[in-house]
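These are the residues of each chain, in order.
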Amino acid sequence: MTEDLTSADKASPAKVGPAAATQRGAIETRQITIDGQLLQVAIRHGDGGAPPLLLFNGIGANWELARPFLEALTNTTAIIFDVPGVGGSPRPAWPYRPSTLARLAADLVAELGHAEVDVAGVSWGGGIAQQFAHQFPKRCRRLVLAATAPGFTMVPASPAVLWKMATPRRYTDKGYMKTVAADIYGGAFRDDPSLIGRHAAAMHGARSMGYFYQLLAMTGWTSLPWLWSLPQPTLILMGRDDPLVPPINGQIMASLIPNAELHMIDDGHLFMVTRPKETAGLIEAFLADESRQAAASSLLSRTTSYLRDLVPTSGDGRQKS
């Protein structure tokens, strides 16, 4: 395992020295090799008072696309890396599975000196976040799922939207991105073309094979069989106008994860980009709420609870909300 500073870091040693490590709000970039895989890593420094937030980005997305959200955080230390084949992380020799990325991420946070993290995932990255929470339950304190779904068993988008998502062209052709962004992402992108331009300006490093590996990783993957077993307090954020991941997927996950809370946002798929302050505020409030504790759940108790919710309670013919 090795660690190298980027050229920018070498040019500005203060960015990575002890002063930078304690400067709240500074974003430090590193290149770190984990198990032979070079990773482009960005660390947003917080006050260090809580476990850092490990963030998994969406498909084809380099870490810089999450910069508006990272900059909107106030106290939280956040770690994000370009998955192999995207942005500044070179493509791996072989395809991988979500469990492979979860293990890579666990080794990365251990290399950075953290035994426990909070985990968040956006869209495609939400699947990896679920896998991490399932695979490393003792290392994951809390879970945040944004605009995501339980894998191939999700309620899908329309065929027209899925067709536009099938290739990484929107990441390499900014003109094409401007023509399809509103249809794919919905929400504020429908009304404010300038948002599309700013988002497109931060995109780089998308590769066809890297994108294909990401699609392949999720092929046949689903979390439905074990969502009931996740012990972490979980915040699920969904956009009301999300053409790519219909909001009903958030309702499904919230009904299956024992300690989950669903929050709907009046925006589209990329609300973390279009509403970074609102999203960061919701997530930081959730992470700081000490009343939320991990709760183990058995399949039997979860099924019993689900059935109880379906039964009218006081003879008034209403179901429990």
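Just above, that's the structure.
The model shown is predicted, which means the values in this text are computed figures rather than measured ones.

Some thoughts on the packing of helix H8 (residues 174-185) against helix H9 (residues 193-201)
- H9 packs onto H8 with a crossing angle of 140° between their chain directions and a minimal axis gap of 10 Å. Here H8 lies oblique to H9, going by the angle between them. As for how H8 packs across H9, the hand of that crossing is right-handed. Here H8 contributes Lys174, Met177, Lys178 and Ala181 to the contact with H9, which in turn contributes Ile196, Gly197, His199, Ala200 and Ala201.
- Broken down by class, the residue content of the contact of H8 with H9 amounts to five nonpolar, two polar and two charged.

Some remarks on the nonpolar core
- With 66 residues, the main nonpolar core has Leu54, Phe56, Phe81, Leu108, Val119, Trp124 and Phe132 as its most contacted residues.
- No other element matches the seven residues that helix H4 (residues 98-111) contributes to this core.
- Among all residues touching phenylalanine 81, those that are not within four sequence positions of it are Leu39, Gln40, Val41, Leu54, Leu55, Phe56, Ala105 and Leu108.
- With 26 residues, the next largest nonpolar core counts Leu53, Phe271, Met272 and Ala280 among its residues.

What to know about a nonpolar patch on the surface
- A contiguous nonpolar surface patch, about 260 Å² in accessible area, is contributed by Met209, Phe212 and Leu216.
- One can find methionine 209 in helix H10 (residues 208-217).

Conventions adopted
- Residues numbered from 1 in each chain as written.
- Predicted model: local features only at pLDDT ≥ 70, side-chain atom pairs only at ≥ 80, totals over all residues.
- Heavy atoms only, no water.
- Axes fitted to C-alpha atoms, helices over the stretch in contact; angles between N-to-C directions.
- Helix = DSSP H or I, 4+ residues; strand = E, 2+ residues; numbered from the N terminus.
- Parallel < 35°, antiparallel > 145°, perpendicular 65-115°, else oblique.
- Left-handed = near helix turned anticlockwise from the far one by under 90°.
- Contact = heavy atoms within 4.5 Å.
- Nonpolar A, V, L, I, M, F, W, Y, C, P; charged D, E, K, R; others polar.
- Core = buried A, V, L, I, M, F, W, Y, C linked by side-chain atoms within 4.5 Å.
- Buried < 20%, exposed > 50% of the residue type's maximum accessible area, 1.4 Å probe, protein only.
- Patch = residues over 30% accessible without salt bridge, like charges linked within 9 Å, V, L, I, M, F, W, Y side chains within 5 Å.
- Areas by Shrake-Rupley, 256 points an atom, 1.4 Å probe, with all protein chains shown as cover.
- Salt bridge = Lys/Arg side-chain N within 4 Å of Asp/Glu carboxyl O.

By themselves, these figures tell us nothing about what the structure is for.
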